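# Understanding the architecture of this molecule
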Amino acid sequence: MGRYRNVFLTGAEFDELLTELPGSYDRYIKRLSEYMASTGKTYKSHAATIRRWAADDKAKAAPKKGIPDYSCKEGESL
């Protein structure tokens, strides 16, 4: 699978990724294929790597906890 045909998933793994990442599984397969082809890295489990990358991306996209922004424009009130 993937552009360089270097991503290997069992049928069950592929079906699980389809369910877990319905809108983005193909993007992660392509990303993994290109990354391995360009760096020469190998992974024990391509499915686990895709899941980890998806979880990392989700965590990065989550809103940061911290001090809320209470700023307002002139004429507005809190």
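In the block above lies the structure referred to throughout.
My aim in this report is to walk through the structure given alongside it, one point at a time. (Residues numbered from 1 in each chain as written. Predicted model: local features only at pLDDT ≥ 70, side-chain atom pairs only at ≥ 80, totals over all residues. Heavy atoms only, no water.)

## A few points about helix H2 (residues 25-39)
- With 15 residues, H2 should reach 21 Å at 1.5 Å per residue; the first-to-last C-alpha distance of 21 Å fits that figure.
- Every buried residue of H2 is listed here: Tyr 28, Ile 29, Leu 32, Ser 33 and Met 36. Down the axis, H2 shows its buried residues gathered within 135° of arc, on one side only.
- Of the residues flanking the end of H2, it is Gly 40, one or two places downstream, whose phi is positive at about 80°. (Helix = DSSP H or I, 4+ residues; strand = E, 2+ residues; numbered from the N terminus. Expected span 1.5 Å × (residues − 1). Buried < 20%, exposed > 50% of the residue type's maximum accessible area, 1.4 Å probe, protein only. Arc of directions from axis to C-beta.)

## Here's the deal with the pattern of salt bridges
- For the structure on display, the rule yields 4 salt bridges.
- Between Arg 51 and Glu 16 there is a salt bridge whose closest N-O contact spans 2.8 Å. Taken as a pair, Arg 51 in helix H3 (residues 46-61) and Glu 16 in helix H1 (residues 11-20) lie far apart in primary sequence, 35 residues in all.
- Through salt bridges with shared partners, one network takes in Glu 16, Glu 20 and Arg 51. (Salt bridge = Lys/Arg side-chain N within 4 Å of Asp/Glu carboxyl O.)

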